[in-house]
Amino acid sequence: MIRPPRFFAALVWIAALALALASTAPRAQLTIEIIGGGGTTVPIAIVPFAGEANYPYPLTGIVGADLARSGLFKLIDPAGVNPRPARADDVRFGEWTARGADAVVVGSVTPQADGRVEVRFFLLDAVKQTQLAGFSYVVAPSQFRPTAHKIADIIYEKLTGDAGVFSTRIAYIAKQGSRYELLVADSDGYNPQVIVTSNEPLLSPVWSPDGTRIAYVSLENKKPIIYVQSLATGQRQVLANFRGSNSAPAWAPDGSRLAVTLSRDGGSQLYLINADGSGVQRLMSSAAIDTEANFAPDGKSILFTSDRGGSPQIYRLTLGNGAVERMTFDGSYNVSPRHLPDGKGFVFVRRDGGRFNVAIEDFATRQVQVLTQGTIDESPSVAPNGKLILYASANGGRGILAAVSSDGRVKQRLTAAASDVREPAWGPLPK
Amino acid sequence: MHQSSHRNFRFTLWAGIAIAALLAGCQTTQTTDKAPVEERTPSTGATTPGAGTAGTTGSAVTGTAAGTLGNPLRDPRNVLSKRSVYFDYDSYAVKDEYKPLIEAHAKYLQTTRTARMTIQGNADERGSREYNIALGQRRADTVKRMMLLYGATDTQIETVSFGKEKPKNSGHDEAAWTENRRDDVVYAGE
């Protein structure tokens, strides 16, 4: 039975963030709200884990917030069920189906002799009366947030068939006055860490495929220069600082090299460069602007933006034979292509009238669907499961981040107090 | 994806507790929590002043006759004190009204072989940040090419782009955009 779609269900659901907004948190911490509901949602009851109230972090609260934020789940209130089940065997399925829950999560948090805790959880199908997953983790209490995200990832994957991305991280740029910060945070906006600060603009952060480094562009030396910075050590090195402008870094899927836009030989053109800055190699020669490269997941082709046809459009370069094919035809401004992780399509920004919106195109059908309705939506970045697209938008004159599902149904807004935020980059799945 | 009903879950039956997978699980978790991103924070460009309008607000103009007359680049009556070339939306075509300015700077470079300049291209706030970097670069390259035709040499001119990142006018209307679609000429040492 498919429940009726609830497009843009008006509930404004604010992620439970109250605790973490301690005074020490950077002001660029993101707060995420859902501003549009999805179609079909899975009704799920998450029973507070036995023993979790003894710890300062509401473990099941984090799991529930993750799932609700995805727009694909509806949380069923477990209040009143007595006694609360903590193990799979304790669950009386009729109690949950009567409340409309199709899935039930139960679990426990048990202290260990060494100070760590054992977190056990079970995911059950209340309708088929079967267990879908059961896991146990022994972790330090300080690991509750990542453990909760991992549990949410497992539930998401079991119930939707797609990988969960709650354990991933995002990078973004915050601007406060004349100060720019490159930050990395958990996918729910928590734990923002400042990676770089500058009094000159920062832009175009991109994660290395293994999630250990971020390449970005800085104007600190009065021109665009590309840096690569290690997240573990904070050390950075210049990737490209040639005569002219150096920008638009894009990692190859194997992380060994990047595609970049350089103007060192005249005009903005595409080059390959090794991740240590060596081995610069020109990809193409055109009299036009070529920029915004993005590798296909198989590394065999590159999407890029070019005005070779008279207006900025998206093209595909096949690396094996150098063939170039135009991919967008509708409209006079189609830019910023990013592949979907399954390689079957790409998202991009199109201008229609005076508006800039994120759209998605399928390679096989060439069909285009516009996903967003803002006036200035830009810099899309696709989640590693391909289901959500983060992008920069504006609200009341301020830069915010927003997310939309790849079918356009689920919409989220991510704002940071007192900062303009922009240039989001979704990190890879943790190894 | 999820339009398939929740009845179509993949019922991979994970009978029992996969304790075996757990050790690996908690290892990963611990790695995640090491917060590996906070160790060092390079602070960059902390004292770099805005460069976009260099030359038009030179503090060297102290009003002494010798100061202004001695430096044609700063003499407000000299065309060389004019440093900005403005463009139409989405365009890098140089309008005729800027040709005397471009020619004058080119001739200055031709006669002052030690002089070096940077042409900084800029774009208005509409559209992709990276495409605007390329558009600003194109605007700077176009003016450079004209200067080469007028007698400057390639090594004297570096062209760079700030895209839409350093707007002269922070407004969001046509007047601001007009002001921000611009090349600035900055001489070395200014």
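Residues numbered from 1 in each chain as written. Chains lettered and ligands numbered in written order. Predicted model: local features only at pLDDT ≥ 70, side-chain atom pairs only at ≥ 80, totals over all residues.

Caption draft 1: Representation of the overall build of chain A in the model. For chain A, the helix and strand inventory stands at three helices and 31 strands. In terms of overall dimensions, chain A is globule-like: its C-alpha atoms have a radius of gyration of 23 Å, near the 22 Å expected for 431 residues. Projected onto the principal axes, the alpha-carbon positions of chain A cover approximately 75 × 45 × 45 Å. For chain A, buried positions account for 55% of its 431 residues. Residue pairs in contact within chain A that sit at least 24 positions apart in sequence constitute 46% of those at least 6 positions apart. (Helix = DSSP H or I, 4+ residues; strand = E, 2+ residues; numbered from the N terminus. Rg over C-alpha atoms; globule rule 2.2 N^0.38 Å. Buried ≥ 20, exposed ≤ 12 C-beta atoms within 10 Å, placed from the backbone. Contact = placed C-beta atoms within 7 Å.)

Caption draft 2: The arrangement of the pairing of strand 28 (residues 388-395) of chain A in detail. All names here are of chain A. The buried count for strand 28 comes to six of eight residues, which makes it a mostly enclosed element. Direction of pairing for strand 27 (residues 378-382) relative to strand 28: antiparallel, over a ladder of three bridges. By the bridge assignment for strand 28, E378 is matched with A392. One ladder, built from eight bridges, connects strand 28 with strand 29 (residues 398-405); its direction is antiparallel. Looking across to strand 29, one finds that Y391 is bridged to A402. In this structure, the hairpin formed by strand 28 and strand 29 is closed by a connection of two residues, where G396 is found at a positive phi of approximately 60°. (Pairing = 2+ DSSP bridges.)

Caption draft 3: Representation of the domain arrangement of chain A in the model. Residue and element names in this part refer to chain A. Taken domain by domain, chain A consists of domain 1 (40-160) and domain 2 (169-426). Taken over C-alpha atoms, the centre of domain 1 sits 36 Å from the centre of domain 2. Residue-level contacts link five residues of domain 1 with six residues of domain 2. Looking at the side of domain 1 that touches domain 2, the element that brings in the most residues is helix 1 (residues 59-69), giving three residues. Residue classes in the side of domain 1 that touches domain 2 are distributed as one nonpolar, one polar and three charged. (Domains from an automatic or database assignment. Nonpolar A, V, L, I, M, F, W, Y, C, P; charged D, E, K, R; others polar.)

Caption draft 4: Inspection of the packing of helix 1 of chain A against helix 3 (residues 144-160) of chain A at higher detail. Residue and element names in this part refer to chain A. Packing of helix 1 against helix 3 brings their axes to within 8 Å, and their N-to-C directions diverge by 45°. With respect to each other, helix 1 and helix 3 are oriented oblique. Crossing angle aside, the handedness with which helix 1 passes helix 3 is right-handed. From helix 1, L59, I62, V63, D66 and L67 reach across to helix 3, where they touch F144, R145, A148, H149, I151, A152, I155 and Y156. Its residues assigned to classes, the contact of helix 1 with helix 3 comprises ten nonpolar, one polar and two charged. (Axes fitted to C-alpha atoms, helices over the stretch in contact; angles between N-to-C directions. Parallel < 35°, antiparallel > 145°, perpendicular 65-115°, else oblique. Left-handed = near helix turned anticlockwise from the far one by under 90°.)

Caption draft 5: Examining the packing of helix 3 (residues 99-111) of chain B against helix 4 (residues 129-149) of chain B more closely. All names here are of chain B. With their axes 8 Å apart at the nearest point, helix 3 and helix 4 run at an angle of 60° to one another. By the angle class used here, helix 3 and helix 4 are oblique. Between helix 3 and helix 4 lies a crossing whose hand is right-handed. Between helix 3 and helix 4, the contacting residues are I102, H105, A106 and L109 on the first element and V143, M146 and M147 on the second. Partitioned by chemical class, the residues of the contact of helix 3 with helix 4 number six nonpolar, one polar and no charged.

Caption draft 6: How the structure looks around the sheet that holds strand 14 (residues 236-240) of chain A. All names here are of chain A. Strand order in the open sheet made by the four strands is 11-12-13-14, with antiparallel pairing throughout. A strand with exactly one partner marks an edge of an open sheet, and here the two such strands are strand 11 (202-207) and strand 14. Along the sheet, successive strands turn relative to each other by an average axial angle of 25°, direction set aside. Note: strand 13 (residues 225-230) against strand 14, four bridges, orientation antiparallel. Opposite Q229, over in strand 14, you have R236 as the bridge partner.

Caption draft 7: Spotlight on unusual backbone geometry. Residue and element names in this part refer to chain A. Here the amide bond leading from N82 into P83 is cis, since omega sits at -5°, within 30 degrees of zero. Mapping P83 onto the fold places it in the loop between strand 4 (73-76) and helix 2 (93-97). Backbone geometry places Q129, a non-glycine residue, at a positive phi of 55°. Mapping Q129 onto the fold places it in the loop between strand 6 (117-125) and strand 7 (130-139).

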